[in-house]
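Structural characterization, general
One-letter residues, chain by chain:
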Amino acid sequence: MTFSPTVLGSGVGGYAYLKRTRDAQQGLFQNSAVVSRETKAFAEKIERVETSDQLMADRAVLKVALGAFGLSEDINNRAFIKKILDSDLSDTKSLANRLADKRYLAFAQAFNFASPDGPRLPDAAAPGELSERMAGLSSADDLLADRSLLRASLAQFGLEDNIANTYFLKQVLVSDLSDPSSFANRMPDKRLVDFARAFDFFTKDTEKSQNLSRLDGLVDTFSGRLRSVDSAAKLLQEPAMLTEALDIFGLDNIFTSDFLTDVLNSDLNDPASFANSLTDKRFAAFSAAFNFATPALDALKNPVLDLSGDPVMKKGTLETFISAVASSDMPETPDELLSDATLRGATFGLLAIPDTVSNRGLAKRILESDPGVPTSLVNVFPDNRYQSLAAFFDFRSEPAPRGYPTGFVEQVTKNYIAREFEARVGDIDPTMRIALSLERELGQVARGSGSNDAKWFAIMASPPLRQVFEGAFGFPSSFGSIDIDQQLVRLKARSEKTFGTSEVSELTDPEKLDTLRQRYLLLGSIQSSGSFTGANAASIILSSLNG
């Protein structure tokens, strides 16, 4: 069943009814089957849209995107919309910047496909500074620590009363919204679910843990724990550590405990020891990672003894490596790694790669090759020690995915619902549609960065705003056919006479805006009746406004 709003009467009385019932009626419209399906599809798909071509290819997503800016009628004007989306907004001569109708500019700015800066929140309700602060949040704690940002965020969902209850808010923000039994989903106030979804910290935390690099995982596993694992028996009792250690050398955890015990208890100073006697030299490197049975040697190659006369075991290469990683600034290029003697030495030592000039050159070539290409050097070189090296230090610069700022989906769908509701009202009474949108439309022009005359030209370029001002000022239907500069002069003069100012920015004052709207609605009612002269119309307007 198609939703149809209730419009009782016309003119000022009809507008008063709509204003009083709008929230309730718009809520019903939002929950209608068609609108609910459209906004849900937009929310699910938009995160995967990274180019203007992708947006244009999905008609359902494009419909909501255009509708949010009052541009639904352009959905079939594909070539034109594509040019708008691809406009270079830094170029004042680009199409989006040159159009007098600033809805197109706002549309292009929101998606911002032509700029590396990426999308931004639509509407001036989200200033640049606030948007940047929201984009910089990485956890619920970050948001809760910024009181002004928290207050502004809660206000968008009507949840300001919860600002003091930070423990409660954190439980909401970190909820897994895919789990019906999660904290936010169990709350009766579904605005809390929308609030949590706007930031989606649970997903961010999950992705962060999944995206740990091989080196991060290694440090997390062994840092601070190696000293307590001081024998082969203790290591074998730690399956996770054992598997991680074997994986360093490309070895699977498929060997018997007896075999691994013999490897780990080998004295690597002895060429005939078990680990050294094996053909696969990865086992000797695995044993050296812990050095449970390899004494440190002095200058004469004799074991170093402690005060009790017992041999001092050599420090394991894994502990040396973990310490070097913890104390070094992480290199961002192969050259930075290979020029850091401490980190390079610890890395080569762990992987049993001799630290020679030729091996450094080979290591650089390996690190610069692309693991994603089957024929690249890292994938075809037979020595798997270098594959382990590449797994530790992945210097590929992956393109950052196009990210939409926090609240983008919510703001677009909110705007879409509001404008589509107004359109439905307009199907019944076009005058009511214009009256409902007046504050938003005039506000967008008033907040523009151009001169006052430029703002008046923007008003003239906007069909609904032109209709409001021409109607409120009692101009005839032929007004639009006179010279454009003369139109500007007469509009400003009538504004000065009516409101005491011709500054567009001052017309958004609530009292002036109400007066403008009432004059437009009253004149609309009078004109539709067809029974009043211009003088009588003016008299009725004045007496109505003066009480």
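All figures in this text were calculated on a predicted structure; none of them were measured in a lab. (Residues numbered from 1 in each chain as written. Predicted model: local features only at pLDDT ≥ 70, side-chain atom pairs only at ≥ 80, totals over all residues. Heavy atoms only, no water.)

As a further point, take the pattern of salt bridges. Inspection of every chain in the model, using the stated rule, returns 22 salt bridges. Residues arginine 197 and aspartate 194 are paired through a salt bridge, measuring 3.4 Å at the closest nitrogen-oxygen approach. On the criterion of helical spacing, the pair formed by arginine 197 and aspartate 194 is a turn pair, its members being 3 residues apart in helix 13 (residues 191-199). With a relative accessible area of 41%, arginine 197 lands in the partly exposed category. In this structure, arginine 282 and aspartate 280 form a salt bridge, with 2.7 Å as the shortest nitrogen-oxygen distance. (Salt bridge = Lys/Arg side-chain N within 4 Å of Asp/Glu carboxyl O. Helix = DSSP H or I, 4+ residues; strand = E, 2+ residues; numbered from the N terminus. Buried < 20%, exposed > 50% of the residue type's maximum accessible area, 1.4 Å probe, protein only.)

What follows is about the environment of asparagine 291. Note that asparagine 291 resides in the loop between helix 20 (282-288) and helix 21 (317-327). Considered as a pair, asparagine 291 and leucine 318 are 27 residues apart in the sequence and their alpha carbons are 9.3 Å apart. Apart from the residues within four sequence positions on either side, asparagine 291 is in contact with Leu268, Met313, Lys314, Lys315, Gly316 and Thr317. Reaching out from asparagine 291, the side chain makes a polar contact with the backbone oxygen of lysine 315 at a distance of 3.2 Å. (Contact = heavy atoms within 4.5 Å. Polar contact = N/O pair within 3.5 Å; in protein donor to acceptor, adjacent residues only side chain to side chain.)

Checked against the element boundaries, aspartate 509 lands in the loop between helix 31 (484-499) and helix 32 (510-529). Overall, the relative accessible area of 32% leaves aspartate 509 in the partly exposed class. With 66 residues separating them along the chain, aspartate 509 and glycine 443 place their C-alpha atoms 9.8 Å apart.

Here we take up the layout of surface pockets. It is the rolling of a water-molecule-sized probe over the atoms that shows where space remains empty. Its volume calculated, the second largest pocket comes out at about 550 Å³. In terms of lining residues, the second largest pocket is bounded by 24 residues, among which Gly70, Glu73, Arg103, Arg433 and Pro464 are the most central. Contributing elements (two or more residues each) for the lining of the second largest pocket: helix 7 (103-111), helix 27 (408-428), helix 28 (430-446) and helix 30 (463-472). When residues of the lining of the second largest pocket are assigned to their parent elements, the largest contribution, 6 residues, is made by helix 28. Here the residues of the lining of the second largest pocket are counted per class, giving 7 nonpolar, 7 polar and 10 charged. (1 Å grid on protein atoms, 1.4 Å probe; cavity = no way out; pocket = protein on both sides within 12 Å on 5 of 7 lines; lining within 4 Å. Points joined across faces, edges and corners; volume = space filled by probe spheres on them. Nonpolar A, V, L, I, M, F, W, Y, C, P; charged D, E, K, R; others polar.)

Our focus in this paragraph is the nonpolar core. Counting residues in each nonpolar core, the largest one holds 50 residues, and the members touching the most others are Phe222, Leu235, Phe286, Phe290, Leu318, Phe321 and Phe393. By size, the runner-up hydrophobic cluster in this structure holds 37 residues, among which are Phe421, Leu442, Phe499 and Leu516. (Core = buried A, V, L, I, M, F, W, Y, C linked by side-chain atoms within 4.5 Å.)

What follows covers the confidence of the model for the protein. On average, the protein scores 84 in pLDDT, and the residues at 70 or more come to 89%. Across residues 124-130, where pLDDT falls below 50, the model places 4 contacts with residues more than four positions away in sequence or in other chains. This stretch, residues 527-547, has a pLDDT under 50; its non-local contacts, to residues over four places away or in other chains, come to 14 contacts. (pLDDT = per-residue confidence, 0-100.)

With that settled, the discussion passes to helix 24 (residues 357-368). Taking 1.5 Å of rise per residue, 12 residues should cover 16 Å, and helix 24 covers 17 Å from first to last C-alpha, within 8% of that figure. Every buried residue of helix 24 is listed here: Asn359, Leu362, Ala363, Ile366 and Leu367. Each buried residue of helix 24 sits inside an arc of 135 degrees when the element is viewed along its axis, so together they form one side. Turned more than 90 degrees from where helix 24 packs its buried face, Val357, Ser358, Arg365 and Glu368 sit exposed. Those residues of helix 24 that are buried are in contact with helix 22 (334-339), helix 23 (341-350), helix 25 (377-380) and helix 26 (384-392). (Expected span 1.5 Å × (residues − 1). Arc of directions from axis to C-beta.)

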